[in-house]
Amino acid sequence: MRDNLPMHLFISHAAPTGPNCQAAIAELTLPNLNELLGQLSPTPPMLGSPDTLTPLAERMRANSLGLQGPDGLIPWAATDAQQLGLTKTHGDAGWAWITPCHLTAQSTHVRMDDPLDLHISTRECDTLRGAMKRYFEEDNITLHPLTNGTWLAFGAIFKNLPTASLERVAGSSIDAWMPQQEHAKHLRRLQNEMQMLLYTHAVNDSRTARGLATINAFWISGTGTPGPAPAKPPGRMDHLDGLRKSALQDDAHAWMQAWQELDGTHLAEQLQRLKAGKAEQLTLCGERTAVTLETQDKPWWGRIQQRFSTASSQQLLQTL
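Please read all numbers here as calculations on a predicted model, not as lab measurements.

What counts, and where the lines are drawn
Residues numbered from 1 in each chain as written. Predicted model: local features only at pLDDT ≥ 70, side-chain atom pairs only at ≥ 80, totals over all residues. Heavy atoms only, no water. Helix = DSSP H or I, 4+ residues; strand = E, 2+ residues; numbered from the N terminus. Buried < 20%, exposed > 50% of the residue type's maximum accessible area, 1.4 Å probe, protein only. Contact = heavy atoms within 4.5 Å. Pairing = 2+ DSSP bridges. Axes fitted to C-alpha atoms, helices over the stretch in contact; angles between N-to-C directions. pLDDT = per-residue confidence, 0-100.

Draft legend 1. Spotlight on the side chain of Asp 238. Residue placement: Asp 238 occurs in strand β10 (residues 238–240). Classification of Asp 238 by relative accessible area gives buried; the value is 16%. What Asp 238 contacts, discounting residues up to four positions off in sequence, is Met 7, His 8, Leu 9 and Phe 10.

Draft legend 2. Region of the structure containing the sheet that holds strand β8 (residues 151–154). Sheet architecture is open: 4 strands sit in the order β7-β8-β4-β9, paired in antiparallel fashion. Bordering the open sheet on either side are β7 (142–145) and β9 (217–221), each of which pairs with just one other strand. The sheet shows a mean angle of 35° between the axes of neighbouring strands, direction not considered. As defined by bridge partners, strand β4 (residues 95–101) adjoins β8 across 4 bridges and the pair is classed as antiparallel. Considered in β8, the bridge of Ala 96 is made with Ala 153. Across the sheet, helix α4 (residues 76–83) touches β4 and β8, and the angle it forms with β4 is around 105°.

Draft legend 3. The pairing of strand β11 (residues 280–285), seen in detail. Burial runs high along β11: 6 of the 6 residues are buried. Of the two faces of β11, the one holding Glu 280, Leu 282 and Leu 284 and the one holding Gln 281, Thr 283 and Cys 285 are both buried throughout. Where strand β1 (residues 7–11) lies against β11, 5 bridges are found, and the strand directions are parallel. Each residue of the ladder has a partner; that of Ile 11, found in β11, is Leu 284. Looking at chain direction, β11 and strand β12 (residues 289–294) are connected through 5 bridges and run antiparallel. When the bridges of β12 are listed, Gln 281 appears paired with Glu 294. Counting the residues in the hairpin turn of β11 and β12 gives 3 residues.

Draft legend 4. Spotlight on the confidence of the model for the protein chain. When pLDDT is averaged along the protein chain, the result is 91; 92% of the residues meet or exceed 70. Taken element by element, the predicted model of the protein chain shows its lowest mean pLDDT in helix α13 (residues 300–309) (46) and its highest in helix α11 (residues 252–264) (98). Note on residues 299–306: pLDDT under 50 across the span, and 8 contacts to partners over four residues away in sequence or across chains.

Draft legend 5. Local environment of the pairing of β8. Side-chain alternation along β8 places Trp 151 and Ala 153 on one buried face and Leu 152 and Phe 154 on a second face that is also buried. Strand direction decides the pairing type here: β7 and β8, joined by 4 bridges, are antiparallel. For Pro 145, the partnering residue across the bridge sits in β8 and is Trp 151. Between β7 and β8, which pair antiparallel one after the other, the connecting turn spans 5 residues.

This is the structure we're talking about:
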């Protein structure tokens, strides 16, 4: 039952690699996090790398849901298709997320704006999907609605095609993350066709007139085929992503403010639950390391010793 499971808070972008945010770690004042660190015990860390298609935070979220797969093949899209009943017709393999986005050609690279900042309306989303649908169908790809910011796509080309998470490219260069497999060249051609279609589309004319960024491309992610259902249902993990936007922008001031807000709300509430005798888990996830701390039974002298030997929040974040 839920009451017997610890409350698990997961904080992504806890220590971004941007130089401004890295320098700001030493200036953070997080009293509730410091107190939690003195009372929760660390478990073995999980390691990641900035070079993987699937970021560490995404891998950990997938694990919490019982989703497994090699790098770049976490079956997010297939899971959505299962929940919508679409796999009854098409099967589990060959699903992908298609995310409309805005790309800007720089002198040395192509940059993607954060798609969450596009604020695509339902009408725009449906209109664009309708306009792009037949081009995808020519490559034997079927588009299905999902959300205003993402569509589901089904096609044999996506089967076993590793793709980079949207988190890898949002607000940064896409060049190193484009699929380079031989059979992916059809997707690169399709991308070029969509850029030409969208360049003069009425949706973008309207967005330009309103001072909004145009939608001139799409990103493919979420590929992968689901494995067997886990024998043990995964526990619930509450993902707190309030640090995300400022971390992606390497905005140290906004990132520090977001951390202080987390400390004064969610972490303060977790500390109170812990003092009331509730079992708690807290995961702090950076780019290279994620540390999970949890309630463990210890004798009173062990708890006192831990409080005096625990690293401060700044010291811990600098290791992530």
